Amino acid sequence: MSLIVKICGLSTPDTIDAALDAGADMIGLVFFPPSPRCVPLAAAANLAARARGRATLTVLTVDMDEDGLSEIVEAVRPDWLQLHGREPPNQVAAHKRRFGLPTMKAIGIREAADLAEVDVYRGVADRLLLDAKPPKGATRPGGNAVAFDWTILDGFDPGMSWMLSGGLDPGNVGEAVRVTRPPGVDVSSGVESAPGVKDPALIATFVAAARAAAARV
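Residues numbered from 1 in each chain as written. Predicted model: local features only at pLDDT ≥ 70, side-chain atom pairs only at ≥ 80, totals over all residues. Heavy atoms only, no water.

Chemist: Please give an account of the pattern of salt bridges that cites residues and values.
Modeler: Applying the stated criterion to the full structure yields 12 salt bridges. Across the pair Arg211 and Asp25 runs a salt bridge, and its minimum N-O distance is 2.8 Å. Of this pair, Arg211 sits in helix 7 (residues 200–216) while Asp25 sits in the loop between helix 1 (13–22) and strand 2 (26–31), and the two are 186 residues apart along the sequence. On the accessibility criterion, Arg211 (30% relative accessible area) is partly exposed. Its salt-bridge partner being Lys198, residue Glu192 comes within 2.6 Å of it at the nearest N-O pair. On the basis of relative accessibility, which here comes to 12%, the residue Glu192 falls in the buried class. Counted as one network, the salt bridges with shared partners bring together Arg37, Glu192 and Lys198. (Salt bridge = Lys/Arg side-chain N within 4 Å of Asp/Glu carboxyl O. Helix = DSSP H or I, 4+ residues; strand = E, 2+ residues; numbered from the N terminus. Buried < 20%, exposed > 50% of the residue type's maximum accessible area, 1.4 Å probe, protein only.)

Chemist: Please give an account of the environment of Ala210 that cites residues and values.
Modeler: Counting through the fold element by element, Ala210 comes out in helix 7. The class of Ala210 is buried, set by a relative accessible area of 0%. In this structure the C-alpha to C-alpha distance between Ala210 and Val5, which are 205 residues apart in sequence, comes to 7.5 Å.

Chemist: Pulling in residues and values, what's your account of the pairing of strand 2?
Modeler: Counting buried positions over the six residues of strand 2 gives six, a clear majority of the element. Along strand 2, one buried face is formed by Met26, Gly28 and Val30 and the opposite face, lined by Ile27, Leu29 and Phe31, is buried too. For strand 1 (residues 4–8) and strand 2, the ladder comprises three bridges, and the chain directions are parallel. Paired with Lys6 across the two strands is Met26, which belongs to strand 2. Handedness of the β-α-β unit built from strand 1, helix 1 and strand 2 comes out right-handed. Of the strand pairs in this sheet, strand 2 and strand 3 (residues 56–61) are connected by six bridges, and their pairing is parallel. Residue pairing in the sheet places Phe31 in a bridge with Thr61 of strand 3. Considered for its hand, the β-α-β crossover made up of strand 2, helix 2 (residues 41–51) and strand 3 is right-handed. (Pairing = 2+ DSSP bridges. Right-handed = clockwise from strand over helix to strand, strands pointing away.)

Laid out in structure tokens, this is it:
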């Protein structure tokens, strides 16, 4: 099966190069100050220029208003918007109209009932990102390095493009691909040596493991 591999939360030229050299299809830049992966706008523009034409560029924001998002889009010129907060469908649609960019909406998953939210965004977002719900007391959205029970995705077919995220790392991505057969996988903290510090070796190992698993299913 074909598989889209996305490395998110990159923040330095050398880790951008590591992701590109490893063969990542997508890279993500984070614009959410509580995250240790948040990059200043000027630095992000330089990182984007380094990757442009070699991988699809995504900018991740959390409940950002249109003015803030406009500043990012103008400086970075991304290929995709990734909305990782509580953005309702009408806001997702408004961002798509305003910026003319495909949009990926993150949905937090802890149990099978959470998959009902897929219906809310079908026909609005261009792609869904199924991420683990944050643990209680977390200051950031997303899995925070914790995976959800992938078996609840048995037979899952949202009728649109989607990616799997949350707690993935080089050691478990193969099993995740085998169990869920996702069109794409997205990793951030799972390829870090410390919070916000991407490890080039882990990036390469993750991409290779994901590709190998996809070739077997």
